Amino acid sequence: MFGKLYLIPTTLGDTEPLEVMPLSVKKIVEQIDYYIVENEKSARRFIKKIYPKKSQPSLQLMLLDKYAEEIETRKYLEVCKEGINVGLLSEAGVPAVADPGASIVKLAHENNIQVVPLVGPSSILMAMMSSGMNGQNFAFNGYLPIDKADRKRAIKDLERLSKDKNQSQIFIETPYRNEKMFTDLKATLTPSTNLCIAADITLPTEFIKTHTVQNWKKQSPDLHKKPAIFIIHK
């Protein structure tokens, strides 16, 4: 019997894990010693927080960061063939969505290893849920271009796509560029387009608001260095 690959969600910030995810996540963390992680320090901190009795020396952590070589990461699930379960941890939220873990999930399927997703906070879905926009038809677009001109073209393209397909368009930005993104959205979108900003989801400072662009021009929310999701609907 092969071991399984468990997709283990983490918190979206400094909150108590069991406030935002079910007890089943804690139970799986209790059982697993092999993990694929983006950052060893933060992974150990999360594991210790959700299950303080876990023996840290027993943990086997395999890194999946920007320096990881594909030839090496393709070996990460070899222990599953020995009947050992492996946990895939994201840095924030759920693994494999806007996250490098997708390559490991693909590898599991290629090797007939069962993939088990666990319930936890997804900033993308939680933002969509609370936006009041079209939950029947939406798309996640990742990061928009950094170049100002290219970014404005991308914004207009998404606005046009939203109108043509009645589809809400979701995207993200690096936290320290949030305010520049907000400025560009107000300058580029038509006044009647709806814009949702969802920042610091699940944290005490959580901010989720949907307004028309015209109304947003009268407001200046503090988005600096806060993880945020942007959603537009024309």
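Residues numbered from 1 in each chain as written. Predicted model: local features only at pLDDT ≥ 70, side-chain atom pairs only at ≥ 80, totals over all residues. Heavy atoms only, no water.

## Concerning the pairing of strand β3 (residues 60–63)
Two elements, strand β2 (residues 34–37) and β3, share four bridges in a ladder whose sense is parallel. The partner of Y34 across the bridge, within β3, is Q60. As for the winding sense of the linkage, the β-α-β connection from β2 through helix α3 (residues 40–50) to β3 is right-handed. (Pairing = 2+ DSSP bridges. Helix = DSSP H or I, 4+ residues; strand = E, 2+ residues; numbered from the N terminus. Right-handed = clockwise from strand over helix to strand, strands pointing away.)

## So, α3
Along α3, the positions that sit buried rather than exposed are S42, A43, F46, I47 and I50. Burial along α3 is one-sided: seen end-on, the buried residues are contained in an arc of 135°. With respect to the buried face of α3, the exposed residues turned more than 90 degrees away are K41, R45 and K48. Its buried side turned inward, α3 meets β1 (5–8), α1 (17–20), α2 (23–31), β2 and β4 (86–89). (Buried < 20%, exposed > 50% of the residue type's maximum accessible area, 1.4 Å probe, protein only. Arc of directions from axis to C-beta. Contact = heavy atoms within 4.5 Å.)

## A few points about the side chain of S168
You can see S168 is positioned in strand β7 (residues 168–172). A residue is classified by how much of its surface remains accessible, and S168, at 0% relative accessible area, is buried. Within polar-contact distance, the side chain of S168 engages the side chain of H233 at 2.8 Å. Those residues in contact with S168, other than ones at most four positions away along the chain, are M128, M133, N134, N137, F138, A139, I231, I232 and H233. (Polar contact = N/O pair within 3.5 Å; in protein donor to acceptor, adjacent residues only side chain to side chain.)

## A look at the pairing of strand β8 (residues 194–199)
Most of β8 sits out of view: five of its six residues are buried. Pairing analysis gives six bridges linking β8 to strand β9 (residues 207–212), with the strands arranged antiparallel. When the bridges of β9 are listed, L195 appears paired with H211. Of the strand pairs in this sheet, β8 and strand β10 (residues 228–233) are connected by six bridges, and their pairing is antiparallel. What sits directly across from A199, in β10, is A228.

## Some thoughts on the sheet that holds strand β5 (residues 115–117)
Read from one edge of the open sheet, five strands run β3-β2-β4-β1-β5, paired in parallel fashion. The sheet terminates laterally at β3 and β5, the two strands that pair on one side only. Strand after strand, the sheet turns through a mean of 25° between neighbouring axes, direction not considered. Helix-sheet contacts for α2 involve β1 and β2, and the interaxial angle to β1 is about 130°. (Axes fitted to C-alpha atoms, helices over the stretch in contact; angles between N-to-C directions.)

## Concerning the nonpolar core
Formed by 19 residues in total, the largest nonpolar core has its most connected members in I8, V29, Y35 and L89. Residue assignment for this core shows that the elements contributing at least two residues are β1, α2, β2 and α3. Ranked by the residues each element gives to this core, the list is headed by α3, at four residues. Among the nonpolar cores identified, the runner-up in size contains 17 residues, and M181, L185, L189 and I197 belong to it. (Core = buried A, V, L, I, M, F, W, Y, C linked by side-chain atoms within 4.5 Å.)

## Observations concerning unusual backbone geometry
Most peptide bonds take the trans form, and the phi angle of most residues other than glycine is negative. For N166, which is not glycine, the phi dihedral falls at a positive 50°. Relative accessible area serves as the criterion here: at 45%, N166 is assigned to the partly exposed category. Its identity is not glycine, yet K225 carries a phi of approximately 60°, on the positive side. One can find K225 in the loop between α9 (213–216) and β10. Judged by its relative accessible area of 59%, K225 is exposed.

## A few points about the packing of aromatic side chains
Per the stated rule, a full pass over the model turns up three aromatic pairs. Ring centres 6.4 Å apart and planes at 55° place the aromatic pair F207 and W216 in the tilted group. (Phe/Tyr/Trp six-rings, centres within 6.5 Å; stacked < 30°, edge-to-face > 60°.)

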